[in-house]
Amino acid sequence: MFTSVDDVSARLAETGYLASPAVATTVFLADRLGKPLLVEGPAGVGKTELAKAVARVAGARLVRLQCYEGVDESRALYEWNHAKQLLRISAGRGETWDEARTDIFGEEFLLPRPLLTAIRGDDAKVLLIDETDKADVEVEGLLLEVLSDFQVTVPELGTVTATRRPFVVLTSNATRELSEALRRRCLFLHIGFPDAELERRIVRLRVPGVDTALAESVVRVVGALRAMDLRKAPSVAETVDWARTLLALGAGTLDETVVRDTLGVILKHQDDIQKAAAKLDLDAL
């Protein structure tokens with residue numbers, strides 16, 4: 001998909017994703033080496049958006065597996081359409097079981113889920129395995145087969161092997177440690193909070209109506225909040241939301257009243273809001 005690291009940066013920027021040199025380099029290598037990309041970092045720093053941006057750049061279909069506690073093989077890989085199978089069995093009452101079984105375990109009754117969908121077909125795809133750390137450990141065993149050989153075994157149909165490998169992005173908020181076996185199969189990228197210059201560029205890009213001075217003020221205040229011992233530090237997404245909020249309110253500058261009235265946009269816990277209101281000194285920023 002990409003010819004160089006600079007090509008990654010330029011083409012992602014065209015979609016609205018400003019990539020740091022580390023991000024652009026790792027995406028280039030993942031594409032060139034055909035390796036899955038494990039992206040780790042706090043929530044709201046652009047991990048999921050990176051996969052979406054790569055899909056837009058490549059003109060590829062985004063296939064997303066949203067992980068959560070309890071997600072299992074049937075939700076991640078495939079399941080059979082049991083209702084349709086029962087109707088088929090009922091309609092063929094004169095058939096033997098062997099005759100019916102050959103039919104009901106065919107493609108017509110298969111419900112492919114994200115992992116199987118991503119490796120079937122010849123079209124370009126980006127497979128996003130989002131918040132991998134929220135899935136149970138058992139799901140990692142399933143991912144190992146898919147990410148090692150890009151193939152899936154369906155007992156009734158045989159082994160399905162990818163004819164065109166998808167670009168794979170796994171994201172993690174590091175709420176639990178992923179297995180070494182899974183990490184070994186991936187290139188690793190940590191995305192933290194951006195530096196002030198990059199965050200200002202992101203704000204100006206995502207909120208075109210915000211002027212340079214207000215964008216700088218927003219980024220400075222958010223940086224000060226991240227330096228506090230908060231339950232949940234503001235993410236980049238929340239920085240952008242705050243800039244949009246200030247623009248909607250017609251606030252050209254930040255003062256104590258505006259900040260106090262809008263802290264709920266960037267801080268999502270009452271004790272964080274109280275701490276910020278007590279400690280934040282706009283005059284010192």
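Since we're looking at a predicted model, the values are computed, not measured.

What counts and how
Residues numbered from 1 in each chain as written. Predicted model: local features only at pLDDT ≥ 70, side-chain atom pairs only at ≥ 80, totals over all residues. Heavy atoms only, no water. Helix = DSSP H or I, 4+ residues; strand = E, 2+ residues; numbered from the N terminus. Buried < 20%, exposed > 50% of the residue type's maximum accessible area, 1.4 Å probe, protein only. Contact = heavy atoms within 4.5 Å. Areas by Shrake-Rupley, 256 points an atom, 1.4 Å probe, with all protein chains shown as cover. Lys, Arg positive; Asp, Glu negative; His and termini not counted. Charge placed at Lys NZ, Arg CZ, Asp CG, Glu CD. Pairing = 2+ DSSP bridges. Axes fitted to C-alpha atoms, helices over the stretch in contact; angles between N-to-C directions. pLDDT = per-residue confidence, 0-100. Parallel < 35°, antiparallel > 145°, perpendicular 65-115°, else oblique. Left-handed = near helix turned anticlockwise from the far one by under 90°. Nonpolar A, V, L, I, M, F, W, Y, C, P; charged D, E, K, R; others polar. Salt bridge = Lys/Arg side-chain N within 4 Å of Asp/Glu carboxyl O. Polar contact = N/O pair within 3.5 Å; in protein donor to acceptor, adjacent residues only side chain to side chain.

**Some remarks on the overall build of the protein**
And then number 1: Secondary structure assignment for the protein yields 14 helices and nine strands.
And then number 2: Seen through its principal axes, the protein has C-alpha atoms that stretch 85 × 45 × 35 Å.
And then number 3: Counting only residues that meet the buried cut, the protein has 46% of its 285 residues in that class.
And then number 4: Long-range pairs, those at least 24 residues apart, make up 73% of the contacts in the protein with a sequence separation of at least 6.
And then number 5: Carbon together with sulfur atoms contributes 51% to the accessible area of the protein, which is approximately 14100 Å² in total.
And then number 6: Between the mean site of the 36 positive side-chain charges and the mean site of the 44 negative ones, the protein shows a separation of 2 Å.

**Things to note about the sheet that holds strand β9 (residues 187-190)**
And then number 1: Reading across the sheet, the five strands line up as β2-β5-β8-β1-β9 and stay open at both edges, with parallel pairing between neighbours. Looking along the sheet, the strands with just one partner apiece sit at the ends: β2 (61-66) and β9. Direction aside, neighbouring strands of the sheet carry axes that sit 20° apart on average.
And then number 2: In the sheet, strand β5 (residues 125-130) pairs with strand β8 (residues 167-172) via four bridges, with the strands oriented parallel. Along β8, the bridge assignment pairs Val126 with Phe167.
And then number 3: Its contacts with the sheet put helix α3 (residues 47-58) on β1 (37-40), β2, β5, β8 and β9, and the angle it makes with β5 is roughly 170°.

**Details of the confidence of the model for the protein**
And then number 1: Looking at the protein as a whole, its pLDDT mean stands at 91, while 96% of the residues score no less than 70.
And then number 2: Looking at the elements of the protein, mean pLDDT is at its lowest for helix α6 (residues 97-104), recorded as 64, and at its highest for β1, recorded as 98.

**A few points about the packing of helix α12 (residues 236-249) against helix α13 (residues 256-266)**
And then number 1: Across the interface, α12 lies against α13 with an axial gap of 9 Å and an inter-helix angle of 140°. As the angle between them shows, α12 and α13 are arranged oblique. In the crossing of α12 with α13, the sense of the turn from one axis to the other is right-handed. Together, Glu238, Thr239, Asp241, Trp242, Thr245, Leu246 and Leu249 of α12 and Val258, Val259, Thr262, Val265 and Ile266 of α13 make up the contact between the two elements.
And then number 2: Split into classes, the residues belonging to the contact of α12 with α13 amount to seven nonpolar, three polar and two charged.

**As for the side chain of Asp31**
And then number 1: Summarising the element assignment, Asp31 is placed in helix α2 (residues 21-33).
And then number 2: One buried charged side chain, Asp31, makes no salt bridge at all; its nearest oppositely charged neighbour is Arg32, positioned 5.3 Å away.
And then number 3: Within polar-contact distance, the side chain of Asp31 engages the backbone nitrogen of Phe2 at 3.1 Å.
And then number 4: With sequence-adjacent residues up to four places away left out, Asp31 is seen in contact with Met1, Phe2 and Phe167.

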